[in-house]
Amino acid sequence: MNLDDKILDALRDGGEIYTSGEDLCKLSGISRTAIWKRIEKMREEGYGITASPHLGYRLTAIPDALIPCEIKWKLKTKIIGREIISYKKVDSTNTVAYELAEKGLREGAVIFTESQVKGKGRLGRMWYSPSGCNIYMSCILRPKMTPNEIPKITLIAAVAVAKAIRDFTGLDAMIKWPNDILINGKKVCGILTEMKAEQDRVDFIVLGIGVNVNSKSRDLPAGGSSLLDESRKICMCGDLSRVELAKKLLESLEEHYNILKDKGSPAIIDEWKALSATLGSRVRVVLPGRSFEADAHNIDPDGALVVRLDSGILEKVLSGDVLMVR
Ligand code: BTN
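Description of the structure in this document.

### Some details on empty space enclosed by the protein
Here's step 1: Applying the stated criterion to the full structure yields one cavity of 30 Å³ or more.
Here's step 2: Lining the largest cavity, in full, are Ile80, Cys139, Leu141, Ile156, Leu207, Leu253 and Tyr257.
Here's step 3: Mapped by element, the contributors of at least two residues to the lining of the largest cavity are β5 (135-141) and α8 (242-263).
Here's step 4: Looking at the lining of the largest cavity residue by residue, the class counts come to seven nonpolar, no polar and no charged.

In structure tokens form, the structure reads like this:
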């Protein structure tokens, strides 16, 4: 735990009661002046901290900022999120995570940012990433896998994210193959898996997750919505806490990643099917250079979508895009 975390923990524990400067000095091992400087910096980050010359300091407001102190507070994970790095603005958290993973950043490290200048979507698309309202994060994983097993990570990520969003909002988040998360048929979250691998061994995976939390649907690309706008269809509510959702995402990712490691992907398939918006639908499969309609029939344990062509033949779709026709 770093010094700021120690100071914040003490202020949180204090609640309405002031914590004296002397106590903060003792627990952090730094001078009163150094404490004061750190408190000033925390205020700049959005913390409300009241200071009284005789009583000390009291916490009055906590920012909904995607910063390590907030996300790590009472986070119930061992690996995912053990290291959190936050930025105000980056090109893409996936690009940053990839570069850091190449330098050896360990499994479970997560990069968050408030905004992205070149947010990356699947199939070369861009991901709309306005500042301060959504979640943009990338997690480094180092599974003992072969490159052709990567769709299993996509599979568990989609289940983990859909369940975290359900738990957080109470809304019926569904998965559109391979890993878009939809609510009421609108896309609220996208997942982009990138990797570095040799022929028979994955070096690392960067799992990038973008959730439209509080942005306005009217600002999003067609077919998109946010958790806030979908929540407001059933109740009056104010902005949703990005920090609380970020914690749930990390906890759910760890839970499902562990299931994959311990029991393999068949243990996740039934959950994926239960959350699927794709299975049973008529779909247009869009592959490089060809597209066709078919019925979405099943998902196999490797994460491939199995479609039934009009001729009755079953075909496996491993990558590409799927549009729901009806
Ligand atoms: C999709 O096309 O549905 C995938 C979108 C993935 C967006 C996230 S936001 C965080 C991470 N950084 C990126 O540049 N992309 C992913």
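### What about the pattern of salt bridges?
Here's step 1: All told, the structure shown has 31 salt bridges when counted by the stated rule.
Here's step 2: Residues lysine 248 and aspartate 167 are paired through a salt bridge, measuring 3.4 Å at the closest nitrogen-oxygen approach. One end of the pair, lysine 248, is in helix α8; the other, aspartate 167, is in helix α6 (residues 150-169), with 81 residues separating them in the sequence.
Here's step 3: Taking the shortest distance from any N to any O, the salt bridge between arginine 284 and glutamate 293 comes out at 3.8 Å.
Here's step 4: The exposure class of arginine 284 is partly exposed, given its relative accessible area of 29%.
Here's step 5: Accessibility expressed as a relative area gives 29% for glutamate 293, which makes it partly exposed.

### Quick notes on helix α9 (residues 266-274)
Here's step 1: All buried positions along α9 are accounted for by Ile268, Ile269 and Trp272. An end-on view of α9 places all buried positions within 115 degrees of arc, on one side of the element. Those residues of α9 that are exposed and aimed more than 90 degrees away from the buried face are Asp270 and Ala274.
Here's step 2: Packing partners of the buried residues in α9 comprise α6, β6 (174-176), α8 and β11 (290-299).

### Notes on the layout of surface pockets
Here's step 1: Roughly 590 Å³ of internal volume is contained in the largest pocket.
Here's step 2: Looking at the largest pocket, it is lined by 34 residues, and the ones nearest its centre are Gly121, Met126, Trp127, Lys187 and Gly190.
Here's step 3: For the lining of the largest pocket, the elements supplying multiple residues, two or more each, are α5 (93-102), β5, β7 (180-183), β8 (186-198), β9 (201-211) and β14 (321-324).
Here's step 4: At five residues, β8 tops the list of elements feeding residues into the lining of the largest pocket.

### Some thoughts on the packing of helix α1 (residues 3-14) against helix α2 (residues 21-28)
Here's step 1: Contact geometry of α1 with α2 gives a least axis separation of 10 Å together with a crossing angle of 140 degrees. Between α1 and α2, the interaxial angle falls into the category oblique. Note that α1 runs across α2; the crossing there is right-handed. Touching Leu3, Lys6, Ile7, Ala10 and Leu11 of α1 are Leu24, Leu27 and Ser28, all from α2.
Here's step 2: Split by residue class, the contact of α1 with α2 holds six nonpolar, one polar and one charged.

### Describing the packing of α6 against α8
Helix-helix packing: each pair is described by the crossing angle between the helix axes and the interaxial distance.
Here's step 1: In the contact formed by α6 and α8, the axes pass within 8 Å of each other and the chain directions differ by 140 degrees. Taken together, the axes of α6 and α8 are oblique relative to one another. Between α6 and α8 the crossing geometry is right-handed. Counted together, Lys152, Ile153, Ile156, Ala157, Val159, Ala160, Val161, Lys163, Ala164, Ile165, Asp167 and Phe168 of α6 and Glu244, Leu245, Lys248, Leu249, Ser252, Leu253, His256, Tyr257 and Leu260 of α8 form the full contact between these two elements.
Here's step 2: Split into classes, the residues belonging to the contact of α6 with α8 amount to 14 nonpolar, two polar and five charged.

Calculation notes
- Residues numbered from 1 in each chain as written.
- Predicted model: local features only at pLDDT ≥ 70, side-chain atom pairs only at ≥ 80, totals over all residues.
- Heavy atoms only, no water.
- 1 Å grid on protein atoms, 1.4 Å probe; cavity = no way out; pocket = protein on both sides within 12 Å on 5 of 7 lines; lining within 4 Å.
- Points joined across faces, edges and corners; volume = space filled by probe spheres on them.
- Helix = DSSP H or I, 4+ residues; strand = E, 2+ residues; numbered from the N terminus.
- Nonpolar A, V, L, I, M, F, W, Y, C, P; charged D, E, K, R; others polar.
- Salt bridge = Lys/Arg side-chain N within 4 Å of Asp/Glu carboxyl O.
- Buried < 20%, exposed > 50% of the residue type's maximum accessible area, 1.4 Å probe, protein only.
- Arc of directions from axis to C-beta.
- Contact = heavy atoms within 4.5 Å.
- Axes fitted to C-alpha atoms, helices over the stretch in contact; angles between N-to-C directions.
- Parallel < 35°, antiparallel > 145°, perpendicular 65-115°, else oblique.
- Left-handed = near helix turned anticlockwise from the far one by under 90°.

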